[in-house]
Amino acid sequence: MEVNCESVRCDLREVIEKEAIAWAVGIVTAEEIDKINILRASILAMHRAVDGLKVRPQHLLIDGNKFSPYPGIPHNTVIKGDATYMSIAAASILAKTYRDDYMQAIAREYPMYDWQSNKGYPTAKHRAAIREHGVSPHHRLSFNLLGEKPKQLELNFG
């Protein structure tokens, strides 16, 4: 039996939103990603999510190995933390489902880019649409949109 992971994530999102002590989702724009790079933008989104919590955490568990300290709250980074900690798994589910909702919304606004299918990863169809129609305000211009040799991005935290 095949399981629809998106459906399972959506079901879990409802449970998380109902049962969690507090939850929030941080958003960054394509323009911010282009300006500060994807890693720093991901960390900024995490900080914004913490800013949005109605209950201040005593400690932050971060999936991965990179994070900039959030003022006044200690943290630990955990590689593959979503497989170890329920709180990280829950945060991952919220991030993925909200990202999927965003992709569906911009797919309705710009149907030619097939965002409902590629979830932000440039498929051949998506790249063909960029060649034909150019980029939209939602495209991350610092990304390798057309499959050419990638740019090196600076990963400074300072």
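Coordinates for the structure precede this section.
From a predicted model like this one, the values you see are computed outputs, not experimental measurements.

Moving on: the environment of Val28. Structurally, the position occupied by Val28 is in the loop between helix H1 (5–19) and helix H2 (30–36). Considering only alpha carbons, one finds Val28 and Ile38, 10 residues apart in sequence, at a separation of 9.7 Å.

Moving on: unusual backbone geometry. Even without being a glycine, Asn37 presents a positive backbone phi close to 90°. Turning to its location among the elements, Asn37 is positioned in the loop between H2 and helix H3 (38–51). One non-glycine residue with positive phi stands out, namely Lys80, at about 55°. Note that Lys80 resides in the loop between strand S2 (75–78) and helix H4 (86–109).

Within this structure, the stated rule accounts for four salt bridges. Between Arg48 and Glu32 there is a salt bridge; the shortest N-O distance is 2.6 Å. Taken together, the residues Arg48 in helix H3 and Glu32 in helix H2 connect sequence positions 16 residues apart. Overall, the relative accessible area of 31% leaves Arg48 in the partly exposed class. Among the salt bridges present, the one from Asp114 reaches Lys125, with a minimum N-O distance of 3.9 Å. A residue pair is termed long-range when its members are at least 10 positions apart, and Asp114 in the loop between H4 and helix H5 (115–118) and Lys125 in helix H6 (residues 124–133) qualify at 11 residues. Among the residues examined, Asp114 registers a relative accessible area of 9% and is labelled buried.

Rules of the game
- Residues numbered from 1 in each chain as written.
- Predicted model: local features only at pLDDT ≥ 70, side-chain atom pairs only at ≥ 80, totals over all residues.
- Heavy atoms only, no water.
- Helix = DSSP H or I, 4+ residues; strand = E, 2+ residues; numbered from the N terminus.
- Salt bridge = Lys/Arg side-chain N within 4 Å of Asp/Glu carboxyl O.
- Buried < 20%, exposed > 50% of the residue type's maximum accessible area, 1.4 Å probe, protein only.

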